[in-house]
Amino acid sequence: MTLLKKYDRFVILIWIFLTIVFWFRYIPDSSVLEGGLLACCIMLCLYPFTTYLSTTLLQKALRQKQMLLFAGQFFLVSAISALWIPAILHGFLYLEQSGLLPSSDLLLGRNRFGIMYINALLVALFVNFGFCGLRFHEESMKLHEALVESQLRILQQQISPHFMFNVLNHINILMQEDVNLASSLLIRYSKILRYQLDSNKNSKVSIAQEVQFLKDFIEIEKVRWGDELTINCSWKIEDMQKTFPPLLLITFIENAFKHVARGISEMVYVNIAFEQMANSVSLEVENSKSGIQQEKDPVSGIGLENVKKRLELLYGEHYDLTIRDAETTYYTKLVVKL
């Protein structure tokens, strides 16, 4: 996530913001220079304690699930860091009395250590609580990102073996009839397998790579079906280098060939239209199907459900999926906003 990459910068900005807030708090009772110096000194004093608490100790407590221990460490570190603030205030008081800084009302009535320490402890608790909350939120985001990525990897790898078995069986038959065609089919199929394996390492590929994968898949199906099936394809691509999640579209095309009708008296076809324009990708797939009710495959629909889950994880509401299951045709259209 982009937000996670910029999280450390955000934390630094919060420190700068707190310094400015304290600075403006001190300006009415002191000079601009002294108020600024005091605010910077207090923040620089708290920074190492807060950072150690919100990163090292908090991350260790989260990993070891020892949040009760961390609560004790939180108050201990806050109490120790608060000790330095009265020392800084006394230092500035000394500088004023020595004439190095002009006299001001900033430290008026703050010569009692007890009262100064209580105020400092409240400041330390407030600052530490805020930054620990930010870091806890960051860790939660990291865990969520890791979970989403893991789910996407699992869904991405769940490709139906139906196509694999059919191709291997067809190659076995062709080896006895047409060795050259079998060899060509095997080479194209090896490219498909390599793409599937390589895509598991990448969250995004270029449109050119994904489209070539789909074309290789369709060419294999053309060989397998021969003259029994009419296949019409349309490819309109504006930017070949546009990135896209791998293996996101194959299920729609695979299902078309898997469930297309077979028969002499029926018009048997698969129509595929792919279009990429600006930040939009569209895929339309339509196939003929038999009007005769067929027994449903127990695992049928798993691939489509996996695609829907991936779309939800990747794009949320920024996609539109239309499915029309008529008596003699099956139609799907996916539009994704990149």
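Residues numbered from 1 in each chain as written. Predicted model: local features only at pLDDT ≥ 70, side-chain atom pairs only at ≥ 80, totals over all residues. Heavy atoms only, no water.

### Focus on the pairing of strand β5 (residues 280-288)
With seven of its nine residues buried, β5 lies for the most part within the structure. Examined bridge by bridge, strand β4 (residues 269-277) and β5 share eight bridges and lie antiparallel to one another. For N271, the partnering residue across the bridge sits in β5 and is E286. What sits between the antiparallel neighbours β4 and β5 is a turn of two residues, in which A278 has the positive phi angle 55°. (Buried < 20%, exposed > 50% of the residue type's maximum accessible area, 1.4 Å probe, protein only. Helix = DSSP H or I, 4+ residues; strand = E, 2+ residues; numbered from the N terminus. Pairing = 2+ DSSP bridges.)

### Here's the deal with the environment of Y7
With respect to the helices and strands, Y7 occurs in helix α2 (residues 7-26). According to the relative accessible area criterion, Y7 is buried, its value standing at 4%. For the pair Y7 and R135, spaced 128 residues apart in sequence, the C-alpha separation works out to 9.1 Å. Apart from the residues within four sequence positions on either side, Y7 is in contact with L134, R135, H137, E138 and M141. (Contact = heavy atoms within 4.5 Å.)

### Here we look at the sheet that holds strand β7 (residues 329-337)
Taken together, five strands build an open sheet; the order of strands is β2-β4-β5-β7-β6 and the sheet is mixed. Unpaired on one side and paired on the other, β2 (230-237) and β6 (319-325) mark the two borders of the sheet. When the angles between neighbouring strand axes are averaged without regard to direction, this sheet yields 5°. Of the strands in this sheet, β2, β4 and β5 touch helix α9 (residues 207-225), which is tilted by about 170° from β2. Strand contacts of helix α10 (residues 250-259): β2, β4, β5, β6 and β7, with the helix running at about 5° to β5, the strand carrying the most contacts. (Axes fitted to C-alpha atoms, helices over the stretch in contact; angles between N-to-C directions.)

### Section: empty space enclosed by the protein
In this structure the tally under the stated criterion is one cavity of 30 Å³ or more. What the largest cavity holds in volume is close to 40 Å³. F252, N255, A256, V285, N287, Y330 and T332 are the residues that line the largest cavity. Counting residues per element, the ones that place at least two in the lining of the largest cavity are α10, β5 and β7. Broken down by element, the lining of the largest cavity gets its largest block of residues, three residues, from α10. Here the residues of the lining of the largest cavity sort into four nonpolar, three polar and no charged. (1 Å grid on protein atoms, 1.4 Å probe; cavity = no way out; pocket = protein on both sides within 12 Å on 5 of 7 lines; lining within 4 Å. Points joined across faces, edges and corners; volume = space filled by probe spheres on them. Nonpolar A, V, L, I, M, F, W, Y, C, P; charged D, E, K, R; others polar.)

### So, the side chain of D216
Structurally, D216 is set in helix α9. D216 has contacts with R188, K191 and I192, leaving out every residue within four places of it along the chain.

Purely geometric numbers; function is a separate question.
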